[in-house]
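# Fold and geometry: a report
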Amino acid sequence: QVQLVESGGGLVQAGGSLRLSCAASGRTFSRYAMGWFRQASGKGREFVAAISWNGYSAYYRDSVKGRFTISRDNAKNTVYLQMNSLKPEDTAVYYCAANFREYCSGDGCFSTDDYRYWGQGTQVTVSS
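Values in this document were obtained by computation on a predicted structure and should not be read as measured data.

### Thoughts on the sheet that holds strand β3 (residues 18-25)
Ordered in space as β1-β3-β8-β7, the four strands form an open sheet in which the pairing is antiparallel. Strand pairing shows two members of the sheet lacking a second neighbour, β1 (3-7) and β7 (68-73), which therefore form its edges. Within the sheet, the average angular offset between the axes of one strand and its neighbour, ignoring direction, is 15 degrees. Examined bridge by bridge, β7 and strand β8 (residues 78-83) share six bridges and lie antiparallel to one another. Each bridged residue has a counterpart across the sheet, and for Thr 69 the counterpart in β8 is Gln 82.

Right, here's the structure in full:
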């Protein structure tokens, strides 16, 4: 199976930045588009960003556009989420996930049902 391990979470003041990393291992990982989701306490898991494995396309939820950037390094089998101008409402456990497809488009990027493998999550806390 594909194993995903997130890192880079922590405590940051509002307006600060963090970069999350998701390191992948396992066969045929390059076939998967990747996504980031987050889950705040007492709420459901929500889509944050997604990227095709070749980096040709990326998608973001409206509330993070202009602040977050998803990227990948194929040589390192790693996907990143650069988070700038963080807000308290960004506080959540952040999960990386591998899509069923190499490329995701339309609805195939945005639902938890579109992703086959999941990491354990990393906590991001933004204080005010």
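Let us keep going from here.
### A word on the packing of aromatic side chains
Evaluated as defined, the whole model comprises seven aromatic pairs. Here Tyr 32 and Tyr 117 contribute two aromatic rings whose centre-to-centre distance is 5.8 Å and whose plane-to-plane angle is 65 degrees, an arrangement assigned as edge-to-face. Here Tyr 117 lies in strand β10 (residues 115-118) and Tyr 32 lies in the loop between β3 and β4 (34-39), a separation of 85 residues in the sequence. Owing to a relative accessible area of 9%, Tyr 32 belongs among the buried residues under this scheme. Centre to centre, the rings of Phe 37 and Phe 47 are 5.7 Å apart; their planes meet at 80 degrees, and the pair counts as edge-to-face. In this pair, Phe 37 is assigned in strand β4 and Phe 47 in strand β5 (residues 45-51), connecting sequence segments 10 residues apart. Residue Phe 37 is classed as buried on the basis of its relative accessible area of 1%. With a relative accessible area of 8%, Phe 47 lands in the buried category. Connected via pairs of aromatic rings, a cluster forms that spans Phe 37, Phe 47, Tyr 59, Phe 110, Tyr 115 and Trp 118. Its guanidinium or amino end placed over the ring of Tyr 95, Arg 45 lies 3.7 Å from that ring's centre, counting from NZ or CZ.

### Some thoughts on the pattern of salt bridges
What the rule picks out here adds up to five salt bridges. Two residues, Arg 38 and Glu 46, come together in a salt bridge whose shortest N-O distance is 2.7 Å. A salt bridge links Arg 61 to Glu 46, with the nearest nitrogen and oxygen atoms 3.6 Å apart. Residue Arg 61 is found in the loop between β6 (58-60) and β7, and its partner Glu 46 is found in strand β5; the two are separated by 15 residues along the sequence. Note on Glu 46: relative accessible area 28%, which makes it partly exposed.

Analysis parameters
Residues numbered from 1 in each chain as written. Predicted model: local features only at pLDDT ≥ 70, side-chain atom pairs only at ≥ 80, totals over all residues. Heavy atoms only, no water. Pairing = 2+ DSSP bridges. Helix = DSSP H or I, 4+ residues; strand = E, 2+ residues; numbered from the N terminus. Axes fitted to C-alpha atoms, helices over the stretch in contact; angles between N-to-C directions. Phe/Tyr/Trp six-rings, centres within 6.5 Å; stacked < 30°, edge-to-face > 60°. Buried < 20%, exposed > 50% of the residue type's maximum accessible area, 1.4 Å probe, protein only. Lys NZ or Arg CZ within 6 Å of the ring centre and 35° of its normal. Salt bridge = Lys/Arg side-chain N within 4 Å of Asp/Glu carboxyl O.

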